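The lines below spell out each chain.
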Amino acid sequence: MDELIDQFAVEARELVQQASDDLLALEQHPDDRERLESVFRAVHTLKGSVGLFDFGPMQGVLHRAEDLLSQARGGAIVVNPALVDTLLAVIEWVDGSVGGIMETGRLLETQEAQAPRLLRQLTRETMERETAGEVGKINAVPDWAIALRTRLPTGHSDGTLFAIRYEPHPECFFNGDDPLAMISRLPNLLHLEISLKESSPSTRDYDPFRCDMVIEAVCSGPPDEIQALFQLIPDQVILVPLPKEVEQSPSSEPGLFSGGGERQTTTMRVDPARIDKLIEIAGELITAKNGLAPLAEEAGKSGNRALARRIGSSHQEIERLVASLYSAVTRARMVPLEQTFRRFPRLVRETAAKLGKAVDLIIDGETVEADREIVENLFEPLLHLVRNSLDHGIEPGAERLLASKPARGRLLLRAQKRGDQIEIELKDDGRGMQTEHIRQKAIDSGLIPAIEASALSERDVFQLVFAAGFSTASSVSELSGRGIGLDVVRRSVERLGGALEMQSTAGTGTSFVLKLPISFSMTQLMVVKIGSERYGIPIGDVVETHKLAASAVQSVRAARAFILRDRTVPLLYLADLLQLSVDRPSTEDLKVLIVRMGDDLIGVAVDAIAERAETLTRPLSGLLQGVAGVSGTTLLGDGKVLLVLDIEELMQ
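Keep in mind that this is a model prediction, so the values were computed, not measured.

**So, the pairing of strand β8 (residues 409-418)**
Phase 1 of the analysis: Relative to β8, strand β6 (residues 359-364) runs parallel, the two sharing six bridges. By the bridge assignment, valine 359 is partnered in β8 with glycine 409.
Phase 2 of the analysis: The pairing of β8 with strand β9 (residues 421-428) spans eight bridges and is antiparallel. The partner of leucine 412 across the bridge, within β9, is lysine 427.
Phase 3 of the analysis: The hairpin turn running from β8 into β9, its antiparallel successor, is two residues long, and glycine 419 in that turn takes a positive phi close to 65°.

**Overview of a negative patch on the surface**
Phase 1 of the analysis: A cluster of acidic residues, Glu494, Asp541, Glu648 and Glu649, forms a negative patch at the surface.
Phase 2 of the analysis: The topology assignment puts aspartate 541 in the loop between β13 (533-538) and β14 (542-548).
Phase 3 of the analysis: Classification of aspartate 541 as partly exposed rests on a relative accessible area of 35%.

**Regarding helix α3 (residues 58-74)**
An α-helix turns once every 3.6 residues. As a result, residues three or four positions apart point the same way.
Phase 1 of the analysis: Between the first and last C-alpha of α3 there are 24 Å, a value that for 17 residues agrees with the 24 Å anticipated at 1.5 Å per step.
Phase 2 of the analysis: Along α3, the residues classified as buried are Met58, Val61, Leu62, Ala65, Glu66, Leu68, Leu69, Gln71, Ala72, Arg73 and Gly74.
Phase 3 of the analysis: Immediately downstream of α3, the backbone of glycine 75 shows phi near 85°, a positive value.

**Re the nonpolar core**
Phase 1 of the analysis: Counting 47 residues, the largest nonpolar core has Leu337, Ile424, Leu514 and Leu516 as the members making the most contacts within it.
Phase 2 of the analysis: Among the elements that line this core, the one with the most residues is helix α16 (residues 379-393), at six residues.
Phase 3 of the analysis: When neighbours within four sequence positions are excluded, leucine 516 is seen to be in contact with Ile374, Leu378, Gln421, Ile422, Ile424, Val493, Leu496 and Gly498.
Phase 4 of the analysis: Core analysis: the next-biggest nonpolar cluster, separate from the first, contains 43 residues, Ala19, Val39, Ala65 and Leu118 among them.

**Quick look at the state of the cysteines**
Note on terminology: disulfide describes a covalent bond linking the sulfur atoms of two cysteines.
Phase 1 of the analysis: Enumeration over the complete set of coordinates arrives at zero disulfides.
Phase 2 of the analysis: Its sulfur unpaired, cysteine 211 is 4.1 Å from the next cysteine sulfur, which belongs to cysteine 172.

**Observations concerning the side chain of threonine 510**
Phase 1 of the analysis: By the secondary structure assignment, threonine 510 is in strand β11 (residues 509-517).
Phase 2 of the analysis: For threonine 510, the side chain forms a polar contact with the side chain of serine 504, separated by 2.9 Å.
Phase 3 of the analysis: Those residues in contact with threonine 510 that sit more than four places away from it in its chain are Leu426, Lys427, Asp428, Gly432, Met433, Met502, Gln503 and Ser504.

**Some details on unusual backbone geometry**
Phase 1 of the analysis: Notably, serine 404 is not glycine yet its phi reads approximately 60°, a positive angle.
Phase 2 of the analysis: On the accessibility criterion, serine 404 (70% relative accessible area) is exposed.

Basis of the calculations
Every chain is numbered on its own, with residues counted from 1 as its sequence reads. Local features in a predicted model are, by the rule used here, given only for residues with pLDDT of at least 70; side-chain atom pairs are given and counted only at 80 or more, and totals for whole chains, interfaces and linings are based on all residues. Side-chain metrics in this entry use all non-hydrogen atoms of the structure; hydrogen atoms and water are not considered. Each pair of strands is called paired provided DSSP finds at least two bridges between the two strands. Comment: elements are numbered from the N terminus, with helices defined as DSSP H or I runs of at least four residues and strands as E runs of at least two. Residues form patches when they are more than 30% accessible in relative terms and have no salt bridge. Like charges link within 9 Å. Nonpolar side chains (Val, Leu, Ile, Met, Phe, Trp, Tyr) link within 5 Å. To be clear on the numbers: accessible area is Shrake-Rupley with a 1.4 Å probe, and residue cover counts the displayed protein chains and nothing else. Salt bridge criterion: a side-chain nitrogen from Lys or Arg within 4 Å of a carboxyl oxygen from Asp or Glu. Charged residues are defined here as Lys and Arg on the positive side and Asp and Glu on the negative side; His and the ends of the chain fall outside this count. A single reference atom marks each charge: NZ on Lys, CZ on Arg, CG on Asp, CD on Glu. Three exposure classes are used, based on accessible area relative to the maximum for each residue type with a 1.4 Å probe and protein chains only: buried under 20%, partly exposed in between, and exposed over 50%. For a helix, the expected span equals 1.5 Å multiplied by the residue count minus one. In plain words, nonpolar cores are sets of buried Ala, Val, Leu, Ile, Met, Phe, Trp, Tyr and Cys residues tied together by side-chain atoms within 4.5 Å. It only takes one pair of heavy atoms within 4.5 Å for two residues to be counted as in contact. The criterion for a disulfide is a pair of cysteine sulfur atoms lying within 2.5 Å. Polar contact criterion, stated in full: a pair of N or O atoms within 3.5 Å, where within protein one must be able to donate a hydrogen and the other to accept it, and residues adjacent in sequence count only if both atoms are side-chain atoms.

Listed below in structure tokens is the structure:
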């Protein structure tokens, strides 16, 4: 039973998210037939899944919601914000119930107590719409049904008629369905039309095992018999009563049905722990592979050059295969950002409503993929930034109109891939931040003395908002002023190996940019020596290496520097940064790594550059977790642990 509950929870959350997305889209575009069919299928499938368990009144609530959507599909009622609000309340209730169901295997009492209110709301919605729709019911007949009605011979114009549009699922044959046999069992069949979804399918793409039909029919049989015939496939059929006289509604859309047009996927669910295990094995293979290089070197030194060449050749082949394996396993962990982004439309809608603001959320780049761990941990920092923009950034409608802005605010959530990183931008068109206001808040809260604050550049002033305890909120509200500031957001992003930047213009808006790695993949390291110790530095952090004569080092006050191509470059010693006591001969040439810090170059002197290694870096854990200047550890081919340094953090 536990496995069934877990499977139900996974599917329920997917269906809830799909229904929520569709309802929010329908609120903006009520005539979107594809979205209407999609949300109906989601609710119908969810109701069927709930029917397998004893979850109290949940099935009854979903059944009532399905009835409303069925009426909307048939044209008996129209989709408007009131209907969307009612259905969203049901979806949110189901979403909130899933957690308790996973823990206890049943619907919690607190959730069950909300069911009667939802049922009353759904019933009231149904009754009001049925009462209001009596006059306009004739005009609600869709175009495709009207067209079928006009094709009937005049002798069949009496009595109650029903128009049926049946679009079988593409995989219906594998479910044991026979669409033609099913439609032939309609009572009192008067008219039948069969067409193809795709008007001219190519012979090359033709698949005889997929159903590509659209069946339309008119019959005068009892409605109970018609509904009973299609009771197992209600998501594939639209049934519309035909009155004696019909008038085409200009707003009605043809009965386009998206059920058969669904994109077929070849995905399957895999326990993430299995993927993680494969990555762990690939990492062990990388370590074993790295052990072949010193083995070849040792064979060469012993005089057996033929053996050394064979080991070297095997090392290169294994290196290629391991790299391919690791790349494939890493791609298996990649998921689209959509899994996180799609949670925000409903959140923005609800939050903006609480604040009395009208806000449009534009999402772009949700198909960009990143490591599963990064995508799953992005929601919390993005959630705080979104709430910050809604609460502090975007102004109320009246204030925006006075500033010659549209009454509706605009919030952009955009992702794009840049090399081996992804950039996620959250940008609003609100009031922006004033540097003087930030400066004064920092002084008042004791974060910085007034003299230092006055000397800060605009860029440095904006960095103050990331200081612990800093807040521009004047009072505590439900959304802000609770002590969770941008410093927490920045730390969350940095834990994912990323960085957070901010730009703001007073009166125009604020932009936050999150720069994150696409995946936790293999890293190319430069292994350097300090005394007898070895350390790893990511090659990406090193601009170049330089051999520097000891006489070229110049003293600048208490520091040292040297000239590199007519440019003065500060010189630091890695031993000093690591607080190691190492004897340095004053006459010996220096091995210097040239690294970049922002727009500046800095030289870091080491005792020796040992080798290069491609390896899997593991984040710090246990006693080493939180050690400044160390980003992780890795194993070398000889089995020794190598500390991987974060040069930028060491310099700060």
